[in-house]
Structures are given as structure tokens and as C-alpha cells.
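Remarks on the overall topology
Spelled out, the chains give:
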Amino acid sequence: MAHQVTLIPGDGIGPEISAAMREVVAASGVDIDWHVQEAGAKVMEAEGTPLPEHVLDSVRETGTALKGPVTTPVGSGFRSVNVALRRAFDLFACVRPCLSMPGDGSRYDGVDLVIVRENTEDLYAGIEFDEGSKGARAIMDTVEREGAGTIKPDSAISLKPVSVSGSERIVRYAFDYARRNGRHKVTAVHKANIMKCTDGLFLHTAERVAADYPDIAFDSKIVDATCMGLVMAPADFDVLVLPNLYGDIVSDLCAGLVGGLGLAPGSNIGEHQAIFEATHGSAPDIAGKDIANPTAMILSAAMMLDHLGEGAAAGRIRTAVREVLAEGTCVTADIRRALSGSTEGCVGTQAYGKAVAARVAELG
Ligand code: NAI
């Protein structure tokens, strides 16, 4: 029976990389009914919202979505579709594997790590108060009354809520992921030496949960030291679990270790829904030119196939990407530039997608 999947192609380069991805998935032989749903700026013009209810209904119904990037115009009052989707379905875990591929043009070999980022709390939850607002004033008064310090009166304020339940849920997810995927170590990343209450709570929760998983090694590392360690010896890391904001920053750092945003897949997982998407944005600077790298979208589709129980097809897609990149003769401009400093001899988005699709079919 066909798998039911919502496809949100998105805007910018989204439709181009989605087309290339569909060709690759079709070549894998897995039967998918794509429920195509539009979201973003164009829909905003037509329907008055960038994320219409029928898109949410579709994801609710299928439980699985693959999403292209969606532009969030700065300062337009247009709420981020990505943040709205995460909130609507409580997609608490953002999972981003970072795996070196031969010919990925990066400086490192042997990187094979997974970022598990908490997706709902922390400074990233967006609970903020403008400079001069009543809310900011009330917080300043509380801080002073409690003897917790002083805040300059001309400050804007963001809150950093970190809960026991939210921390436990993400840390358990990281350990369960490690078990399911034959991984050996989970590292909790924090700044508990300075943020003793919030990051301290995250760290202590991680230590407590780790005791339930004696088969998986556990350690913890301060976020700044983690960044240095990732740049100096990325192969030392396995699964990293992080609060929201550190996870956001460190996952892009890790994408840079394995060839950049064009190669980095991702997923946002909740109890009942899962949305798979490339890490990068809509790349308006290269949209409509058939030069974007669709690999991150293709590898996100492979993660989705794993989730749907189609591990063999997912494996064939990863092998095909690996082989085509390793050969180096049919790669997109970003990879060619990273390898040789020039884009000469690169191929377009669709040609690359066809090459990967052909290889997937051969492997089948
Ligand atoms: P971006 O990731 O779109 O682009 C950053 C740079 O990387 C650009 O030079 C772009 O050309 C390049 N790039 C990105 N993806 C590429 C690919 N597949 N192949 C080759 N080159 C690629 O980030 P930016 O410019 O900060 O954001 C653009 C828009 O995307 C913004 O409106 C932002 O809000 C949105 N965005 C959406 C995301 C999503 O839907 N998940 C995630 C991140 C940003």
C-alpha cells in the first residue's frame, strides 16, 4: 500500500530541489502518494496566511511531511511557517545527522555525528519583551525585589524557560535514538557553569536519564568547548543533545564540517507527526536558476523513508548520493567550487537529481 506523505515544496529553491528529490524517491521504487500543499509568501497573497489550515489538516492526516524551505521576510509581521509547524504539532526533537561523504568538498573525513536539538523551549521559545514595555518593567522589578541582580532600564528582555519535562523528553529521545541506530555515546551540551538554574537543570536531568541507559556511554561538555572540539576533532563525537539555541548554532557548525548546508538533512519529530526538511533556507540568491544542490532534500527524504520503515530504499539513496559525489563528475556548483575553487564543469539541480536517481535504480 502506498505511503501517504504531505509534500510542502516551499518557495525560493524549494520547488526545484523538491522536483529533483521526487525523481530520486520514485527511482527507489517506494510507493508514495504525495499530498502536495503550498505554504509561504505566495499563499499569503492568495489566502491571507502563509500556513493555511488545509496544510495543517494534511499533515495531521498523513502524520508525515517532507518540506522544502519557506522564506520568512524580515520585519513583515509574517510569522515563520517553520516555527508555526513546530508549535502546531509539538515537534520537540530536531534531529540532524552530519556524515562525511567522499568528495563533499569539506576539510574533514570521518565525521559521523547526530545533533538532537530541543525544539520548543529556551531563549528560542520567543518569549520577549521590548525595551520600555510594561512586561520588561515588571521583570526588572521582580529581579530587583528578589535580589537576583539589576537590569539596565533601557533593556529589552528574552526569557529562557527550561523545564524538567522538556529536558527529560529530549534526552530520552537522544538515548532511544542512539539505541535504535547502533550509536555508542550521548553528549549533553550546556553552559551550566554560568547558567546554573536553566542549563544546570538540563544537565542534571540528562545525568539522571543517562542512568537508565547503561548500554550507552554518556558525557557532558560546555558549549564553547564543544564548538572547539567539533572544529578540532569532529570524529570524536557521536550523538549530541542540546537545548534549543545551542542546538540551532551548533547544527549549522556541524553542517559546515560535512560540506555545507546543501548537504545537511534534518527532521522535526513529535509524538504523532514528523516533518523532514533540509537544514538550509530558500536561498533567494540562487532561486530559479537550476543551480541549487538538492542533496539535503534528497537525504531528508531518505530519513523520511527510514521513518516509514523503508530502510533498504533509504540506504540505496544514501549510497547513490555517496557514489555520485565521490565520482565528482556530476556535482552542483557549490560542491564543484568547494573542490576546485571554480564552478567549471558543474551540472544543474535536475541533472544531478537524474544522475542520483539513475544510480538508485541501478542499486535496486
Ligand atoms: P539560506 O540557507 O537560504 O542561504 C544561505 C546561503 O547558502 C546562500 O548563499 C544560499 O545560496 C546558499 N544555499 C542554501 N541552500 C543551498 C543549496 N541547497 N544549494 C546551494 N546553495 C545553497 O539562508 P538565508 O539566506 O539566511 O535565508 C533565506 C530565507 O530562507 C530566509 O527568509 C529564511 O528565513 C528562510 N529559511 C527557511 C528555512 C526553512 O524553511 N527551513 C531555514 C532557514 C532559513
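As the structure is a computational prediction, the values presented were derived from the model and not from experiment. (Residues numbered from 1 in each chain as written. Predicted model: local features only at pLDDT ≥ 70, side-chain atom pairs only at ≥ 80, totals over all residues. Heavy atoms only, no water.)

1. Overview of the pairing of strand E1 (residues 3-8)
Selection criterion: Three labels apply to residues, based on accessible area from a 1.4 Å probe with only protein chains included: buried if under 20% of the type maximum, exposed if over 50%, partly exposed otherwise in between. Think of it this way: any DSSP run of H or I at least four residues long counts as a helix, any run of E at least two long counts as a strand, and we number them from the N terminus. Strands were regarded as paired on the criterion that DSSP finds at least two bridges between them. With the strands pointing away from the viewer, any crossover whose connection runs clockwise from the first strand over the helix to the second is right-handed.
In terms of burial, E1 is largely enclosed, as five of its six residues are buried. The sheet contact formed by E1 and strand E2 (residues 32-36) spans five bridges and is parallel. Directly across from threonine 6, in E2, lies its bridge partner histidine 35. The parallel pair E1 and E2, bridged by helix H1 (residues 14-27), forms a crossover whose chirality is right-handed. Relative to strand E3 (residues 64-67), E1 is paired through three bridges, and the arrangement is parallel. Note that in E3 the partner of leucine 7 across the bridge is leucine 66.

2. Here's the deal with the domain arrangement of the protein
Our working definition: Source of the domain bounds: an automatic or database domain assignment.
Along its sequence, the protein is carved into domain 1 (1-99 + 260-364), domain 2 (112-118 + 162-257) and domain 3 (122-160). The C-alpha centroid of domain 3 is placed 39 Å from the C-alpha centroid of domain 1.

3. Here's the deal with the site of the ligand
So the rule is basically this: If even one non-hydrogen atom of a residue comes within 4 Å of a molecule or strand, that residue is called near it. As used in this structure description, the phrase polar contact means that two N or O atoms lie within 3.5 Å; if the pair is within protein, one of them must be able to donate a hydrogen and the other to accept it, and residues adjacent in sequence are counted only when both atoms belong to side chains. Note on areas: Shrake-Rupley with a 1.4 Å probe; residue coverage comes only from the protein chains shown.
Around the ligand, 20 residues are found, and the nearest of them are Val70, Thr72, Gly281, Ala283 and Asn293. Within the backbone of valine 70, a nitrogen or oxygen atom sits 2.8 Å from an oxygen atom of the ligand. Within the side chain of histidine 280, a nitrogen or oxygen atom sits 3.3 Å from a nitrogen atom of the ligand. In isolation the ligand exposes 820 Å². Once the protein is present, 66% of that is buried.

4. Things to note about the pairing of strand E11 (residues 265-269)
Most of E11 sits inside the fold, with five of its five residues counted as buried. Neither face of E11 is left uncovered, since the one carrying Pro265, Ser267 and Ile269 and the one carrying Gly266 and Asn268 both have all their residues buried. The pairing of strand E4 (residues 93-99) with E11 spans three bridges and is classified as antiparallel. Of the residues in E11, the one forming a bridge with cysteine 94 is asparagine 268. Both E11 and strand E12 (residues 274-278) contribute to a ladder of five bridges, which runs antiparallel. Following the sheet pairing, serine 267 is matched in E12 by phenylalanine 276. Remark: four residues form the turn of the hairpin made by E11 and E12, two consecutive strands paired antiparallel.

5. Comments concerning the nonpolar core
As a reminder of what qualifies: Residue types Ala, Val, Leu, Ile, Met, Phe, Trp, Tyr and Cys, when buried and joined through side-chain atoms within 4.5 Å, form a set referred to as a nonpolar core. Contact definition: two residues touch when any of their heavy atoms are within 4.5 Å.
Counting residues in each nonpolar core, the largest one holds 63 residues, and the members touching the most others are Met21, Trp34, Leu66, Val241 and Met304. Residue contributions to this core peak at eight residues, all from helix H10 (residues 295-307). Mapping this core onto the domain boundaries places at least three of its residues in each of domain 1 (1-99 + 260-364) and domain 2 (112-118 + 162-257). With residues near it in sequence (within four places) discarded, valine 241 still touches Val116, Ile170, Val171, Ala174, Val186, Thr187, Ala188, Val189 and Phe202.

6. What about the sheet that holds strand E5 (residues 112-118)?
Stated formally: Axis definition: a line fitted to C-alpha atoms, limited for helices to the stretch in contact. Angles are taken between N-to-C directions and run from 0 to 180 degrees.
The sheet built from ten strands is open, its strands ordered E2-E1-E3-E12-E11-E4-E5-E10-E8-E9 with mixed pairing. The strands lining the two open edges of the sheet, one partner per strand, are E2 and strand E9 (217-222). Here the strands of the sheet are splayed against their neighbours by 25 degrees on average, with no regard to which way each runs.

7. Some points on a negative patch on the surface
Here is the rule we go by: Like charges are joined within 9 Å and nonpolar side chains (Val, Leu, Ile, Met, Phe, Trp, Tyr) within 5 Å, but only among residues with over 30% relative accessible area and no salt bridge; these make up the patches. Any carboxyl oxygen of Asp or Glu within 4 Å of a side-chain nitrogen of Lys or Arg constitutes a salt bridge here. Positive charges come from Lys and Arg, negative ones from Asp and Glu, while His and the chain ends are left out of the count. Working definition for charges: the position is that of NZ of Lys, CZ of Arg, CG of Asp or CD of Glu.
Side chains of Glu128, Asp130, Glu131 and Asp154 sit close together on the surface and give a patch of like negative charge. Along the chain, the position of glutamate 131 falls in the loop between strand E6 (128-129) and helix H5 (134-145). Using a relative accessible area of 51% as the deciding quantity, one classes glutamate 131 as exposed.

8. Remarks on unusual backbone geometry
Positive phi, normally seen in glycine, also occurs at aspartate 90, with a value near 50 degrees. Looking at where aspartate 90 falls in the secondary structure, it is placed in the loop between helix H4 (81-88) and E4.

9. Quick look at the pattern of salt bridges
Counted according to the given criterion, the structure contains 23 salt bridges. A salt bridge links arginine 96 to aspartate 252; its shortest N-O distance comes to 3.9 Å. With a gap of 156 residues between them, arginine 96 in strand E4 and aspartate 252 in helix H9 (residues 244-257) connect regions that are remote in the sequence. Exposure remark for arginine 96: the relative accessible area of 10% places this residue in the buried category. Classification of aspartate 252 by relative accessible area gives partly exposed; the value is 38%. Measuring nitrogen to oxygen at the nearest pair gives 2.9 Å for the salt bridge that ties aspartate 238 to arginine 183. Of the two residues, aspartate 238 is situated in the loop between helix H8 (223-232) and strand E10 (239-242) and arginine 183 in the loop between helix H6 (164-180) and strand E8 (185-190); the sequence distance between them amounts to 55 residues. The two residues aspartate 238 and arginine 183 agree in class, both being buried. Among the charged side chains, a salt-bridge network with shared partners connects Glu168, Arg172, Arg208 and Asp212.

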